[in-house]
Amino acid sequence: MQELKSLFRERFGSAPTYIVKAPGRLELLGNHTDYNEGLVMSIAIDKYIYIASAPRKDGQVELVSTSFPERETFFVDRIEKNPAAPWANYSKGVLLQLRERGVHFTGFNAAIHGTIPFGAGLSSSAALEIATVLTVRDLFPFSLNEISMQPAPVRDSRGQLPTLKNNEKMALAKVGQAAESKFVGANVGLLDQISSLFGKQNQVIEIDCRTNSVNHAPMPPGIAVVICDSGVKHDLSDGAYNELRERCESAAQALGVKALRSVTMDELRANKSKLSEREYQCAYHIVGENQRVVAGERALREKDIAQFGQYLFQSHESSRDYFGNSTKELDLLVEIARQQPSCYGARLSGGGFGGATINLVEHTEVPAFQAAISEGYLEGVGKRIEPWVCQVVDGAA
Ligand code: GLA
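Below, the structure is looked at part by part. (Residues numbered from 1 in each chain as written. Predicted model: local features only at pLDDT ≥ 70, side-chain atom pairs only at ≥ 80, totals over all residues. Heavy atoms only, no water.)

**Thoughts on the overall build of the chain**
For the chain, the helix and strand inventory stands at 11 helices and 13 strands. Since a compact globule built from 397 residues should have a radius of gyration of about 21 Å, the 21 Å found for the chain is in line with a globular shape. Within the chain, the proportion of its 397 residues that are buried is 58%. Within the structure as shown, the chain displays about 16,500 Å² of accessible surface, and the carbon and sulfur contribution to it stands at 48%. Across the chain, the 42 positively charged side chains and the 47 negatively charged ones have centroids separated by 5 Å. (Helix = DSSP H or I, 4+ residues; strand = E, 2+ residues; numbered from the N terminus. Rg over C-alpha atoms; globule rule 2.2 N^0.38 Å. Buried < 20%, exposed > 50% of the residue type's maximum accessible area, 1.4 Å probe, protein only. Areas by Shrake-Rupley, 256 points an atom, 1.4 Å probe, with all protein chains shown as cover. Lys, Arg positive; Asp, Glu negative; His and termini not counted. Charge placed at Lys NZ, Arg CZ, Asp CG, Glu CD.)

As structure tokens, then:
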């Protein structure tokens, strides 16, 4: 936070008026189910994108970041991509989407600082989108629900805006998603943005992406969530993600349904001949993931963490063998984890093709688990990594 304030003061010569933060997320179970109108479980984690901001009067927006040397300056009525500052696209996309929805804003200065590692599959992009939305809301108060603009919210005597209602959070999540699909070029679902907004301390977020409804369930006590970053960077806008989405959608079309959520495993098997081999594999993964989330939610409610962990391992196998979004590094991390008796379950988390694994580990055994992973990965891949424990936190504010 000090780093952020210093950057703001150094670049803009004054103190910021507002500071917001939006957390990254981990996908717990339910891989690529979101854009198939399916089910997914996630958690918001204690790694954040922070934005410090203050209004300015000349109609320009100036963005600076602790992670990139260049400043990015543009007029609010001329928002375009700049190949020299691709990191700014997430914020620019959000501004365009807000404008499209009738939100009025003028210029501002903003300094961005993040603790979410890039390319680790922990949704630094969505966190930046959500932090940008909240920055605009602080500077130029507005209220959107999923249907329309609402009367602007009023600050209380301490200058605070009212807490976001659930329907407002959902509308803001959609702003972030649209920024990413329409401006950045990654045709993502809503998982990351919903997770960043709907996170709750020590609670799992359960999302139904057909109705866009969110429930929370307690995280099992005594279990640490360990993140193992493979160090292989992944980028959702590089095409592989969109391609998987297209296969899922063409499979749904061939099966005569709007989305793969509507298909049971029996129906899928019975209609295999209508699909190409690749479509079948992708659909098999998605239908299986939806089943695992249903079973996983039940296991968590029954506090059967051993069973829940098995679904994580199965989910990873399905990514590896059917969906094709794992890598040999992620497979190795999961295999080492599986050999540790302290580990209940492990899988790749998020888009895939790199990034991190999520591991549920008996909390008293974390140091031994971390050591085993580091050692095994060094031996297998020749890279030194340091697995870390994350906390499950509240959503953006
Ligand atoms: C990325 C996307 C999400 C979701 C996951 C995979 O994180 O942004 O919308 O599709 O991959 O579950």
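**Looking at empty space enclosed by the protein**
Inspection of every chain in the model, using the stated rule, returns 1 cavity of 30 Å³ or more. H234, D235, L236, D238, A240, Y241, G352 and F353 are the residues that line the largest cavity. Of the residues assigned to the lining of the largest cavity, the class counts are 4 nonpolar, 2 polar and 2 charged. (1 Å grid on protein atoms, 1.4 Å probe; cavity = no way out; pocket = protein on both sides within 12 Å on 5 of 7 lines; lining within 4 Å. Points joined across faces, edges and corners; volume = space filled by probe spheres on them. Nonpolar A, V, L, I, M, F, W, Y, C, P; charged D, E, K, R; others polar.)

**Concerning the pattern of salt bridges**
When the charged atoms of two side chains with opposite charge come close together, those side chains can pair. Under the criterion given, the structure shown has 20 salt bridges. Note that R78 and E80 form a salt bridge whose closest N and O atoms lie 3.6 Å from each other. In this structure R78 comes out as exposed when scored by relative accessible area, which is 55%. Residue class for E80 comes out partly exposed when judged on its relative accessible area of 45%. Linked through salt bridges whose partners overlap, the residues forming this network are E317, R320, D321, E335 and R338. (Salt bridge = Lys/Arg side-chain N within 4 Å of Asp/Glu carboxyl O.)

**Describing unusual backbone geometry**
In this model, S123 sits at a positive phi of 65°, which is unusual for a non-glycine residue. Tracing the backbone through its elements, the reader meets S123 in the loop between β5 (108–114) and α3 (124–139). Positive phi, close to 60°, is recorded for F353, a residue that is not glycine. When you line up the elements, F353 lands in the loop between β11 (343–348) and β12 (356–362).

**Concerning the site of the ligand**
Around the ligand, a shell composed of 14 residues is seen, among which R25, E27, D34, D192 and Y241 lie nearest. Note that an oxygen atom of the ligand is positioned 2.5 Å from one of the side-chain N or O atoms of D34. Taking Y241, its side chain carries an N or O atom lying 2.6 Å from an oxygen atom of the ligand. Computed on the free molecule, the ligand has an accessible area of 300 Å², of which 99% lies beneath the protein chains in the complex. More than half of the atoms of the ligand fall within 2 Å of the grid points belonging to the largest pocket. Elements represented by at least two residues in the shell around the ligand include exactly β1 (18–29) and α5 (191–198). Residues of the shell around the ligand, tallied by class, amount to 5 nonpolar, 5 polar and 4 charged. (Near = heavy atom within 4 Å. Polar contact = N/O pair within 3.5 Å; in protein donor to acceptor, adjacent residues only side chain to side chain. Sits in = over half its atoms within 2 Å of the grid points.)

**A look at the layout of surface pockets**
Within this model, the largest pocket holds a volume of roughly 840 Å³. In terms of lining, the largest pocket is formed by 48 residues, of which the most central are Y90, G119, S124, S125 and D235. If you list the elements that add at least two residues to the lining of the largest pocket, you get β1, α2 (89–100), β5, α3, α4 (166–184) and α5. Class assignment for the residues of the lining of the largest pocket results in 21 nonpolar, 19 polar and 8 charged. There are two domains that each give the lining of the largest pocket at least three residues, and those are domain 1 (2–215) and domain 2 (219–390). Considering only enclosed or pocket space, the second largest pocket measures out at about 450 Å³ in volume. Along the walls of the second largest pocket sit 20 residues, with R137, Q160, L161, P162 and A397 positioned nearest its centre. Where the lining of the second largest pocket is concerned, the elements lending two or more residues are β1 and α3. Residue composition of the lining of the second largest pocket, grouped by class: 10 nonpolar, 5 polar and 5 charged. (Domains from an automatic or database assignment.)

**What to know about helix α8 (residues 277–301)**
Between the first and last C-alpha of α8 there are 36 Å, a value that for 25 residues agrees with the 36 Å anticipated at 1.5 Å per step. Burial analysis of α8 places 18 of its 25 residues in the buried class, which makes it a mostly covered element. Just beyond α8, the residue with positive phi is K303, at close to 60°. (Expected span 1.5 Å × (residues − 1).)

**Here we look at the packing of α2 against α4**
Relative orientation of the contacting elements α2 and α4 amounts to 110°, with a least axis distance of 8 Å. As far as their axial angle goes, α4 and α2 are roughly perpendicular. As α2 runs across α4, the sense of the crossing is right-handed. Of the residues in α4, those in contact with N89, Y90, K92, G93, V94, L96, Q97 and L98 of α2 are V175, G176, A178, A179, E180, K182, F183 and V184. (Axes fitted to C-alpha atoms, helices over the stretch in contact; angles between N-to-C directions. Parallel < 35°, antiparallel > 145°, perpendicular 65-115°, else oblique. Left-handed = near helix turned anticlockwise from the far one by under 90°. Contact = heavy atoms within 4.5 Å.)

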